[in-house]
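# Structure assessment
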Amino acid sequence: MAAPDRKISGCWVVPEVYKHHEQKKVCISRPKYRDGRKAKAVKVYTINLESRYLMVQGVPAIGVMEELIQLCALYGTVEEYRPLDEYPSEEFTEVYLVKFQKLTSARAAKRHMDEKSFFGGVLHVCYVPEYESVEDIKMKLWDRRRYVIRAVQNIGPGWIDLHIAVQHCG
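The following paragraphs examine the structure supplied in this document. (Residues numbered from 1 in each chain as written. Predicted model: local features only at pLDDT ≥ 70, side-chain atom pairs only at ≥ 80, totals over all residues. Heavy atoms only, no water.)

### Points about the pairing of strand β1 (residues 53-60)
Rules: Exposed residues in this analysis have more than 50% of their type's maximum accessible area, buried residues have under 20%, and partly exposed residues fall in between, with area computed by a 1.4 Å probe over protein chains only. Runs of H or I in DSSP of at least four residues are treated as helices and runs of E of at least two as strands, each being numbered from the N terminus. Pairing between strands is defined by DSSP: at least two bridges between them are needed.
By the criterion of burial, β1 is predominantly enclosed, with 8 of the 8 residues buried. In this structure, β1 lies alongside strand β3 (residues 93-100), joined through 6 bridges in antiparallel fashion. Across the sheet, residue Val-59 finds its bridge partner in β3, namely Glu-94. The sheet contact formed by β1 and strand β6 (residues 124-127) spans 4 bridges and is antiparallel. Pairing of Gln-57 across the sheet is with His-124, part of β6.

Below, the structure written as structure tokens:
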């Protein structure tokens, strides 16, 4: 998903409110044995939905941008960040856009920071792949391809023989 074309050029254009920016409700249809310590919404992310760009919503509007970036830096190198003043938010809260150097850092930050209490507010963190350039998408897909090839090579030939044997029995 490349950034939507608007009058202002560059990747730091204020986004529209997309459906994937909304916080999901808690999943109540999970079997009891799958319930964790904390009730969660169940959502599957594919590689095209993940992004190095994260939108952090629900940040209290009390001038805590530096503290937020320090929190983000715990999970990896932050390349760029900025407030999204024009993005719709709840009263007395702000929205920030953060770009990480690596996708794995953004994954870790999203996993640990989403629904975390921060200066009296609860953060909502979501991926914003609409900010990615074509070059970013190519690199992301190339990295994923290398990861899959490496994972398949690590499985080894014994697993493939077992898999073929199971298919013939069934």
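### Concerning unusual backbone geometry
The phi torsion at Glu-115 lies on the positive side, around 65°, for a residue other than glycine. Following the sequence through the fold, Glu-115 ends up in the loop between α2 (103-113) and β4 (117-118). Note on Glu-115: relative accessible area 38%, which makes it partly exposed.

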